[in-house]
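# Reading the structure
Each chain, written out:
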Amino acid sequence: MCFAFVNFIGSDVSSDLALLKIEAGNLKPVRLGNSASLKVGEWVLAIGSPFGLAQTVTAGIVSATGRQNVGVADYEDFIQTDAPINPGNSGGALVNINGDLVGINTAIQSNTGSYTGYSFAVPVNIVKKVISDLKEFGMV
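A few points on the structure.

Reading the values: rules and limits
Residues numbered from 1 in each chain as written. Predicted model: local features only at pLDDT ≥ 70, side-chain atom pairs only at ≥ 80, totals over all residues. Heavy atoms only, no water. Patch = residues over 30% accessible without salt bridge, like charges linked within 9 Å, V, L, I, M, F, W, Y side chains within 5 Å. Areas by Shrake-Rupley, 256 points an atom, 1.4 Å probe, with all protein chains shown as cover. Salt bridge = Lys/Arg side-chain N within 4 Å of Asp/Glu carboxyl O. Helix = DSSP H or I, 4+ residues; strand = E, 2+ residues; numbered from the N terminus. 1 Å grid on protein atoms, 1.4 Å probe; cavity = no way out; pocket = protein on both sides within 12 Å on 5 of 7 lines; lining within 4 Å. Points joined across faces, edges and corners; volume = space filled by probe spheres on them. Nonpolar A, V, L, I, M, F, W, Y, C, P; charged D, E, K, R; others polar. Buried < 20%, exposed > 50% of the residue type's maximum accessible area, 1.4 Å probe, protein only. Pairing = 2+ DSSP bridges. Phe/Tyr/Trp six-rings, centres within 6.5 Å; stacked < 30°, edge-to-face > 60°. Core = buried A, V, L, I, M, F, W, Y, C linked by side-chain atoms within 4.5 Å. Contact = heavy atoms within 4.5 Å.

Turning to a nonpolar patch on the surface, a few remarks are in order. Taken together, Val6, Phe8, Leu20, Ile22 and Leu27 make up a surface patch of nonpolar side chains, about 530 Å² in accessible area. If you list the elements that add at least two residues to the nonpolar patch, you get strand 1 (5–12) and strand 2 (17–23).

The structure is reproduced here in structure tokens:
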């Protein structure tokens, strides 16, 4: 049996990110990729728990980078993908085909509340900056 202790370190409302420290055995950290090197058409996988269905993985391609004016966060510089994400995917990993974290799933563009073709993730390069600031200063 594995027990984990989760400590809240901090959050940043502008980027819609939070930093948690998980204390548990036998965990390996994800490799952080470089979201600046993402290319339109590159395959990505979105991991999460849509509609409460734990450990769900969907696949798609990068549709755009640097997407702004989506209307979901104060600071927007999203990776747009057609990998289906739905409510419950937010905060899940967006990884490239090498398994490197390239983004954090955050939003969909939808009139119905469910996936209709547009998904958005915070680029990992922004995540790295937010993590660094939260660790060092307790704020961004």
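Here we come to empty space enclosed by the protein. As enumerated under the stated definition, the model contains one cavity of 30 Å³ or more in all. Counted by class, the lining of the largest cavity contains five nonpolar, one polar and one charged residues.

Moving on, we get to the environment of glutamine 109. Take glutamine 109: it is sitting in strand 7 (residues 101–109). Each C-alpha atom, one on glutamine 109 and one on glutamine 55, is 22 Å from the other, the two residues being 54 residues apart in sequence.

Covered by surrounding structure in strand 5 (residues 78–81) are Phe78 and Gln80 together with Ile79 and Thr81, the residues of both alternating faces. When strand 5 meets strand 8 (residues 118–123), the two strands line up antiparallel, connected through three bridges. Its bridge partner being in strand 8, glutamine 80 is matched across the sheet by phenylalanine 120.

In the structure shown here, the tally under the stated rule is one aromatic pair. Between phenylalanine 78 and phenylalanine 120, the aromatic rings sit 5.9 Å apart at their centres with planes inclined by 50°, giving tilted as the arrangement. Of the two residues, phenylalanine 78 is situated in strand 5 and phenylalanine 120 in strand 8; the sequence distance between them amounts to 42 residues. Residue classification places phenylalanine 78 among the buried residues on the basis of a relative accessible area of 2%. Residue class for phenylalanine 120 comes out buried when judged on its relative accessible area of 4%.

This part covers the nonpolar core. Counting 15 residues, the largest nonpolar core has Leu17, Val122 and Val127 as its most contacted members. Contributions of two or more residues to this core are made by strand 2, strand 7, strand 8 and helix 1 (124–137). The element that contributes the greatest number of residues to this core is helix 1, accounting for five residues. Those residues in contact with valine 127 that lie beyond four places of it in its chain are Leu17, Ile104 and Val122. With eleven residues, the next largest nonpolar core counts Leu38, Ala46, Ile79 and Leu94 among its residues.

These values are about where atoms sit, not about what they do.
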